[in-house]
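# Coordinate inspection notes
For reference, the chains in residue letters:
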Amino acid sequence: MTWETSGVIDASIVTTHMMLEATTLGVGTTWVMYFIPEAVREEFAIPDNIEPVALLVMGYPAPAAKPFPGHSEFKPIEDVVSYNKF
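Residues numbered from 1 in each chain as written. Predicted model: local features only at pLDDT ≥ 70, side-chain atom pairs only at ≥ 80, totals over all residues. Heavy atoms only, no water.

For Thr-15, the position within the fold is in helix α1 (residues 7–24). The exposure class of Thr-15 is buried, given its relative accessible area of 8%. Taking the C-alpha atoms as reference points, Thr-15 and Gly-70, 55 residues apart in sequence, are found 24 Å from one another. Setting aside anything within four residues of it in sequence, one finds Thr-15 in contact with Trp-31, Ala-54 and Leu-56. (Helix = DSSP H or I, 4+ residues; strand = E, 2+ residues; numbered from the N terminus. Buried < 20%, exposed > 50% of the residue type's maximum accessible area, 1.4 Å probe, protein only. Contact = heavy atoms within 4.5 Å.)

Printed below as a string of structure tokens:
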């Protein structure tokens, strides 16, 4: 990859900023990682010269909504970090 083809990276950065701004407005978001670009292009009448690279689902969370407990559980550092070996 060269810097001339950083469109996907740029789109990812913009999507992350959109998620952060949505949070400040009280809107929940979920980044959809896998999708069929052709289906999105067809559903939203996106021209062929534009390639969708990110989907961002947005909505207002239910008042009692809580994050999945696994989001605050962590593996021991020695399970995920190695020094000078793999």
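This is not the end of the story, as more comes after the structure.
Here the focus is unusual backbone geometry. Positive phi values are uncommon outside glycine, yet Ala-45 reaches one of about 55°. For Ala-45, the position within the fold is in the loop between α2 (37–43) and β2 (55–59). For Ala-45, a relative accessible area of 67% gives the class exposed. The phi angle at Asn-84 is positive, at roughly 60°, despite the residue not being glycine.

A cluster of nonpolar residues, Ile-77, Val-80, Val-81 and Tyr-83, forms a patch on the protein surface that exposes about 430 Å² of accessible area. Mapping Val-81 onto the fold places it in the segment after α3 (77–80). (Patch = residues over 30% accessible without salt bridge, like charges linked within 9 Å, V, L, I, M, F, W, Y side chains within 5 Å. Areas by Shrake-Rupley, 256 points an atom, 1.4 Å probe, with all protein chains shown as cover. Salt bridge = Lys/Arg side-chain N within 4 Å of Asp/Glu carboxyl O.)

Let us now look at the confidence of the model for the protein. Averaged over every residue, the pLDDT of the protein is 89; the share at 70 or more is 95%. Least confident of the elements in the protein is α3, whose mean pLDDT is 90; most confident is β2, at 94. (pLDDT = per-residue confidence, 0-100.)

Next up on the list: the side chain of Arg-41. Inspection of the secondary structure assignment puts Arg-41 in helix α2. Among buried Asp, Glu, Lys and Arg side chains, Arg-41 stands out as unpaired, with Asp-48 the closest opposite charge at 4.3 Å. Apart from the residues within four sequence positions on either side, Arg-41 is in contact with Ile-46, Pro-47, Asp-48, Ile-50, Glu-51 and Pro-52. (Lys, Arg positive; Asp, Glu negative; His and termini not counted.)

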